[in-house]
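# Tertiary structure, described
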Amino acid sequence: MTKLSMKERYHLLTRDLDWTPTYVAPEEVYPHSRYEGIKIHDWGAWEDPFRLTVDAYCKYQAEKDKKLYAVIDSFAQGQGHLGLSDASYVNAVKLFIQGVSPLEYQAHRHFGYLARHLDGAGARFASLCQSLDEIRHAQTQIHTISNYNKHYAGMHDWQKMHQRVWYLSVPKSYFDDALSAGPFEFMTAISFSFEYLLTNLLFVPFMSGASFNGDLATMTFGFSAQSDESRHMTLGLEVIKFMLEQDEGNVPIVQDWIDKWFWRGYRLTTLVAAMMDYFLPKKVMSWKEAFELYFEEQMLGGLFPDLAYYGINPPRHVAQAQAEKEYVSHQVYWILYQYTHAAAFNTTIPSDEAMAWLTESYPTTFDRYYKPLWDKAKAIEAGGGRFYNMALPQLCQVCQIPMGFTEPGDPGQICFRQSEYEGELYNFCSDGCQWIFDREPEKYVQAWLPVHQIYQGNCGGATIPDVLAWYGIAEGDNLDYAVSTDKTSWDEWHAKGGN
Amino acid sequence: MTVKALGPYNFPPADRQELFGDDMLVHVNWDGNLLFCAAACFRAPKAMTWGDFKAQMVDPWAAGDPDYDPSRTKDWRLGDVPFEPDPNKTLAEMGVRHKAVIKFRD
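Nothing here was measured: the structure is a model prediction, and the numbers come from that model. (Residues numbered from 1 in each chain as written. Chains lettered and ligands numbered in written order. Predicted model: local features only at pLDDT ≥ 70, side-chain atom pairs only at ≥ 80, totals over all residues.)

### Brief notes about the overall build of chain A
What counts is decided by this rule: For helices the rule is a DSSP run of H or I covering at least 4 residues; for strands it is a run of E covering at least 2, with both sets numbered from the N terminus onward. Residue burial is a threshold on neighbouring C-beta atoms within 10 Å of the residue's own C-beta, all placed from the backbone, with 20 or more meaning buried, 12 or fewer meaning exposed, and counts in between meaning partly exposed. Residues are treated as contacting if the C-beta atoms built from their backbones sit within 7 Å of each other.
Secondary structure summary: chain A contains 23 helices and 5 strands in total. With respect to the principal axes defined by its C-alpha atoms, chain A has extents near 80 × 60 × 45 Å. With 499 residues in all, chain A has 48% of them scored as buried. At a minimum sequence separation of 6, the contacts of chain A that also span at least 24 residues come to 79%.

Put into structure tokens, the structure is as follows:
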């Protein structure tokens, strides 16, 4: 038997195995692919970025896994965690395992669903491969980070925390919103917005942060996922172009989804912004620089001029995100700092050196709006206290982040937006989140807002210890870094003559 | 616009007024003071008087800022509509609704 080319093998083993149903109508076999209003005339036009067969796919991934597990085993055996820049770096890893890894698993599940429910064989196969990638990413992340869990707080109950804890409802609700949409909207949300438009803002900061701060293990799973991620990016762009090319009537639907999922995704990245500017002991670059490079240059400068050919405009509300690059990381970390008593990571007042870096990185905003807040927090500490906000915060109905964002053009004034729907009031942090609610109020009235659920008695009880116990947050997971078990352990491990 | 769905799509709000019985959620923001990162959210009886609400809920929270002086609060607004607080009126009588936002300055 002559050896087949890769292209022939792909065709025979994926697309050629497809058939057209004759006993039942296609819409009965694929009932989920039509109700969103997207019209597809020729599924054969799908250009598959995964030109792989299952056997080739498994071979490549097995090789990558072998390399990764060798590195993480050696990192663990050599006590590699002791070589980190500082134990406070591990707070970024905590945010990752609590907030991001569960999303990989959800993506695995939902791409499995798409692998059943899309009409075209090429699209189904792409979804199958991505589903496998996502479970591999979840597993490698869990395996890598389990080593940190042996030595540091905050990582012992991340699955439970992801379901329950207030700041983790931000990434969870983003994904739930996508999972409960139709297949084409899901692909716009996850393949396009999450994996293409914002991927470099979501993942690169974690991986570069790992590299700058001596976390070889996390860096290695980042590398191991990189070739998969570039395929996912290609798929994200292919999905959008495929929809736009198939029918002119798809254009306004896709534009609406891009508008919605840009803002949803952007709000989610503000947690990464806080991580970059405040969690990392050794800074990679500022959020502002990352936003300018990865979003303004690459997406607004590169992608959207290409999409203009199809009649697609830059996302609605993008100007607000651009204005916020000057201050959003400070606002989000300020939220995390004052609610650290209810979080499974530690925060602290930035050191003098970090404060100088913030002043330099944000010359027009930091000293004017945020340094005075830190000065006050310092004064409270000097008096023997620590500033914790003792009331529950108002949450945005859509992004679910405490409403600490400010009015366009005025970083001194909290932004309030409100809509009334069927006799009830709903509050939002921004025009973007209000616009998303007003398009589909029936969806967002169901939002599981942590603060409102606590007040309904659905989160373990009425006191902070009750709620923390229900969250799975144990002693040592929360509070200021200065009094954390991580800092105590780190100081002991590095004490002169210590072991 | 409404949700596009395969079947009927009608689900009750997860935090509708009836779930809170005789209470409601009330938001309070100290305008111009970013120390508190966001407005506070309180669960309060509709029949609670303004005086009790301020003394039992707003003051203890705002006192987290050492510069807070309960006697210096002013410029009260419900949403964006100014009002003159009357300590003997109930929240409901003042027109405060479930999930409304009250703002003040000092």
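That shown, we press on.
### Some points on the confidence of the model for chain B
Our working definition: Note: pLDDT gives the predictor's confidence per residue, expressed from 0 to 100.
Confidence in the prediction of chain B, expressed as mean pLDDT, is 97, and 99% of residues score 70 or more. In the predicted assembly, ipTM is 0.98 and pTM is 0.97.

### A few points about the sheet that holds strand S4 (residues 81-82) of chain B
What counts is decided by this rule: Only when DSSP finds a minimum of two bridges between them are two strands counted as paired. Lines fitted to the C-alpha atoms define the axes, with helices restricted to the stretch that makes contact. Angles between their N-to-C directions range from 0 to 180 degrees.
Within the open sheet, the 6 strands sit side by side as S1(A)-S2(B)-S1(B)-S5(B)-S3(B)-S4(B). Their pairing is mixed. Sheet topology places strand S1 (392-393) of chain A together with S4 of chain B at the edges, where each strand pairs with a single neighbour. Two strands pair when backbone bridges link them, and strand S3 (residues 74-78) of chain B and strand S5 (residues 100-105) of chain B are joined in this way by 3 bridges, in the antiparallel orientation. Opposite Lys-74 of chain B, over in S5 of chain B, you have Arg-105 of chain B as the bridge partner. Contacts from helix H1 (residues 50-62) of chain B reach strand S1 (23-30) and strand S2 (40-45) of chain B, with the element oriented near 160° to S2 of chain B.

### As for the interface of chain B and chain A
Which entries qualify depends on this criterion: Only Asp, Glu, Lys and Arg are considered charged, only Ala, Val, Leu, Ile, Met, Phe, Trp, Tyr, Cys and Pro nonpolar, and every remaining residue, Gly among them, polar.
If you look at the interface, chain B gives 38 residues, while chain A gives 43 residues. Among the elements of the structure, S1, S2 and S5 of chain B are those that each provide at least two residues to the side of chain B that touches chain A. Among the elements that take part in the side of chain B that touches chain A, S2 of chain B stands out by supplying 4 residues, more than any other. Partitioned by chemical class, the residues of the side of chain B that touches chain A number 23 nonpolar, 8 polar and 7 charged. Two elements, S1 of chain A and S2 of chain B, share 2 bridges in a ladder whose sense is antiparallel.

### A look at the nonpolar core
How we decide: A set of buried residues drawn from Ala, Val, Leu, Ile, Met, Phe, Trp, Tyr and Cys, joined through C-beta atoms within 7 Å, is what defines a nonpolar core.
Ranked by size, the top nonpolar core spans 158 residues in total, and within it Ala-92, Leu-336, Cys-396 and Cys-433 of chain A together with Val-26 of chain B carry the most contacts. Per-element tally for this core: the top contributor is helix H13 (residues 250-279) of chain A, with 17 residues. Aside from chain neighbours lying at most four places away, what touches Ala-92 of chain A is Phe-206, Gly-209, Met-275, Phe-279 and Leu-280 of chain A. Residues Leu-68, Ile-72, Phe-75 and Phe-221 of chain A belong to the second largest nonpolar core, which totals 6 residues.

### Regarding the pairing of strand S3 (residues 410-414) of chain A
On a regular strand, one side chain projects to one face of the sheet and the next to the other, so that they alternate. Residues and elements named next belong to chain A. Sheet topology note: the strand S2 (residues 406-407)/S3 ladder contains 2 bridges and is antiparallel. Considered in S3, the bridge of Thr-406 is made with Ile-414. Here S2 folds back onto S3 in antiparallel fashion, the turn holding 2 residues, of which Gly-409 has a positive phi close to 85°.

### Examining unusual backbone geometry
All names here are of chain A. Even without being a glycine, His-317 presents a positive backbone phi close to 70°. Here His-317 is to be found in the loop between helix H14 (287-307) and helix H15 (318-324). Here Glu-422, not a glycine, exhibits a phi torsion of approximately 45°, which is positive. Note on placement: Glu-422 falls in the loop between strand S4 (417-421) and strand S5 (424-428). Judged by the 10 C-beta atoms lying within 10 Å of it, Glu-422 is exposed.

### So, the packing of helix H4 (residues 90-99) of chain A against H13 of chain A
Residue and element names in this part refer to chain A. Stated precisely, the cut-off is as follows: Throughout, the term roughly parallel applies to angles under 35 degrees, roughly antiparallel to angles over 145, roughly perpendicular to angles from 65 to 115, and oblique to all others. It is the rotation of the near helix from the far one that decides the hand of a crossing: anticlockwise by less than a right angle makes it left-handed, clockwise makes it right-handed.
Where H4 contacts H13, the axes come no closer than 10 Å and their chain directions differ by 165°. The orientation of H4 relative to H13 falls into the category roughly antiparallel. With respect to the hand of their crossing, H4 and H13 are arranged in left-handed fashion. Contact with H4, carried on its side by Asn-91, Ala-92, Leu-95 and Gly-99, involves Leu-271, Met-275 and Phe-279 of H13 and no other residues of that element.

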